[in-house]
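Residue-level structural notes
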Amino acid sequence: MDLDDEGLIRRAVENGDQRAYAQLVRRYQSQLRFSLRQLCGGDQGLADDMAQEAFIKAYKALPAFRGDARFSTWLYRIAYNLVMSHKRKNTPEVDQEAVDKAQADESVEEAQQLAMARDLDSAMESLSDVQRQAIHLSLQRGFSHEETANIMKLPLGTVKSHINRARAKLRSLLQPWHEEVVNG
Amino acid sequence: MVNFEQHHRKGSALRDTAIEGKDPVFDAWLSEQLQLGEPYLDDNGFCDRVMAELPVSSRRAERRASGFQYLAVLAASGIVAWQFPFGEVLSEAARQSISLYSLVGMGMLSSLVVMAGGILAARH
């Protein structure tokens, strides 16, 4: 039976059912790990370690989860806090080999798709870290602006401003691709 | 690749609240492109590693501890019953003409005291 997040959390907290929590981990592992890889500059090992720690921390804090926000928002907030805290403690080092490998793994078959994906990557890289994170959370993950602000621990107005500026920049950089799709 | 919200509402478009720009068509296109380029990351033992690191469920630990307590009380009661000289007490009671009812009453009372003591000891 495929329970929703609330049902699985209830089982994990009230019955101590760790299998229910395992279902939550399986449900969100790919998206969280992918998001953290971007946040960690392509360092897959670090991103996976952070994701693992986030899931463990979330499990320990699960009895205190009141359900005001969605589980995914709450989990993301924990993960972002962990990564930011790690970044504060350590000088950020970009593992270029890991970045290249991650990009090589992204197999896009058609040449046009590949070119567009590359342009999209470049456009995203041209954004500031905070703009990229805001766009990733709101447009790629589908979090609302309020949820994005909650995860990033920023005021709502600031997040909206980051998203608007990033969107304007992306629009100017990707307009040819967008027009090609719109015009067929 | 489905995003979190789409996971909850399959087939739905991007949340209305996420599209607050002046060009929702561009936002929807950008959102789609970002999701298209995102690979699904195989579990590859990730879930198992997380589960191995989780603390033992406290409720399960409590239930296990209660089970051990009841077993300890039962074992203690068994040892007492095994060592208790029922035969001698009965024969002495018969010799001194003590009634069977008062003997049974005393036995039950002392059993209750022993059980209560055992439970209290196990809980602490």
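Look up a bit, the structure's there.
In this report, we go over the structure that sits alongside the text. (Residues numbered from 1 in each chain as written. Chains lettered and ligands numbered in written order. Predicted model: local features only at pLDDT ≥ 70, side-chain atom pairs only at ≥ 80, totals over all residues. Heavy atoms only, no water.)

Examining the overall build of chain B
Assigned secondary structure in chain B consists of six helices and zero strands. What you see in chain B, going N to C, is helices and strands ordered as α-α-α-α-α-α. When each of the 124 residues of chain B is scored for burial, the buried share is 21%. Here chain B has roughly 8700 Å² of accessible surface; of this, 63% comes from carbon and sulfur atoms. (Helix = DSSP H or I, 4+ residues; strand = E, 2+ residues; numbered from the N terminus. Buried < 20%, exposed > 50% of the residue type's maximum accessible area, 1.4 Å probe, protein only. Areas by Shrake-Rupley, 256 points an atom, 1.4 Å probe, with all protein chains shown as cover.)

Observations regarding the overall build of chain A
Helix and strand content of chain A: nine helices and zero strands. Ordered by position from N to C terminus, the α and β elements of chain A give α-α-α-α-α-α-α-α-α. In chain A, which comprises 184 residues, the proportion classed as buried is 48%. Relative to all contacts within chain A whose residues are 6 or more apart in sequence, the contacts with residues 24 or more apart total 60%. Split by element, the accessible area of chain A, about 9300 Å² in all, is 48% carbon and sulfur. (Contact = heavy atoms within 4.5 Å.)

Comments concerning the interface of chain B and chain A
Residue-level contacts link 44 residues of chain B with 51 residues of chain A. Buried area between chain B and chain A, summed over both chains or domains, comes out near 4400 Å², and the portion from carbon and sulfur atoms is 63%. Summed over the shared surface of chain B and chain A, the number is two salt bridges. Between glutamate 38 of chain B and arginine 141 of chain A there is a salt bridge, with the nearest N and O atoms lying 2.7 Å from each other. Here chain B and chain A share eleven residue pairs in polar contact (both at pLDDT 80 or more) between them. Elements supplying a minimum of two residues to the side of chain B that touches chain A: α1 (4-8), α2 (24-36), α3 (46-53) and α4 (58-83) of chain B. Class assignment of the residues belonging to the side of chain B that touches chain A gives a composition of 21 nonpolar, ten polar and 13 charged. (Buried area = accessible area lost by both parts, 1.4 Å probe. Salt bridge = Lys/Arg side-chain N within 4 Å of Asp/Glu carboxyl O. Polar contact = N/O pair within 3.5 Å; in protein donor to acceptor, adjacent residues only side chain to side chain. Nonpolar A, V, L, I, M, F, W, Y, C, P; charged D, E, K, R; others polar.)

Notes on the layout of surface pockets
To find leftover empty space, one rolls a probe the size of a water molecule over the atoms. Residues and elements named next belong to chain B. Approximately 470 Å³ is the volume attributed to the second largest pocket. Taken together, 15 residues line the second largest pocket, and the ones lying closest to its centre are Phe84, Phe86, Gly107, Ser110 and Ser111. Residue assignment for the lining of the second largest pocket shows that the elements contributing at least two residues are α4, α5 (86-95) and α6 (100-123). Residue contributions to the lining of the second largest pocket peak at eight residues, all from α6. Grouping the amino acids of the lining of the second largest pocket by side-chain chemistry returns eleven nonpolar, four polar and no charged. (1 Å grid on protein atoms, 1.4 Å probe; cavity = no way out; pocket = protein on both sides within 12 Å on 5 of 7 lines; lining within 4 Å. Points joined across faces, edges and corners; volume = space filled by probe spheres on them.)

Remarks on a nonpolar patch on the surface
All names here are of chain B. On the surface, a nonpolar cluster with roughly 420 Å² of combined accessible area is contributed by Leu90, Leu100, Val104 and Met108. Here valine 104 lies in helix α6. By relative accessible area, which is 44% here, valine 104 ends up partly exposed. (Patch = residues over 30% accessible without salt bridge, like charges linked within 9 Å, V, L, I, M, F, W, Y side chains within 5 Å.)

Section: the pattern of salt bridges
All names here are of chain A. According to the stated counting rule, one finds nine salt bridges over all chains in the structure shown. With its nearest N and O atoms 2.6 Å apart, the salt bridge here joins arginine 27 to aspartate 5. Residue arginine 27 is found in helix α2 (residues 18-39), and its partner aspartate 5 is found in helix α1 (residues 5-14); the two are separated by 22 residues along the sequence. Aspartate 5 carries the same exposure label as arginine 27, and that label is buried. The partner of aspartate 129 in a salt bridge is arginine 132, with the nearest N and O atoms 2.5 Å apart.

Comments concerning the environment of leucine 82 of chain A
All names here are of chain A. Along the chain, leucine 82 falls in helix α4 (residues 71-89). Separated by 32 residues in sequence, leucine 82 and methionine 50 have C-alpha atoms that sit 6.7 Å apart. Setting aside residues up to four positions removed in sequence, leucine 82 forms contacts with Met50, Glu53, Ala54 and Lys57.

Things to note about the packing of α2 of chain A against helix α3 (residues 44-61) of chain A
Residues and elements named next belong to chain A. Contact geometry for α2 and α3: axes closest at 9 Å, N-to-C directions at 145°. Crossing of α2 over α3 shows right-handed handedness. Across the interface between the two elements, Gln18, Tyr21, Leu24, Val25, Tyr28, Gln29, Leu32, Arg33, Leu36 and Arg37 from α2 touch Gln44, Ala47, Asp48, Met50, Ala51, Ala54, Phe55, Ala58 and Tyr59 from α3. (Axes fitted to C-alpha atoms, helices over the stretch in contact; angles between N-to-C directions. Left-handed = near helix turned anticlockwise from the far one by under 90°.)

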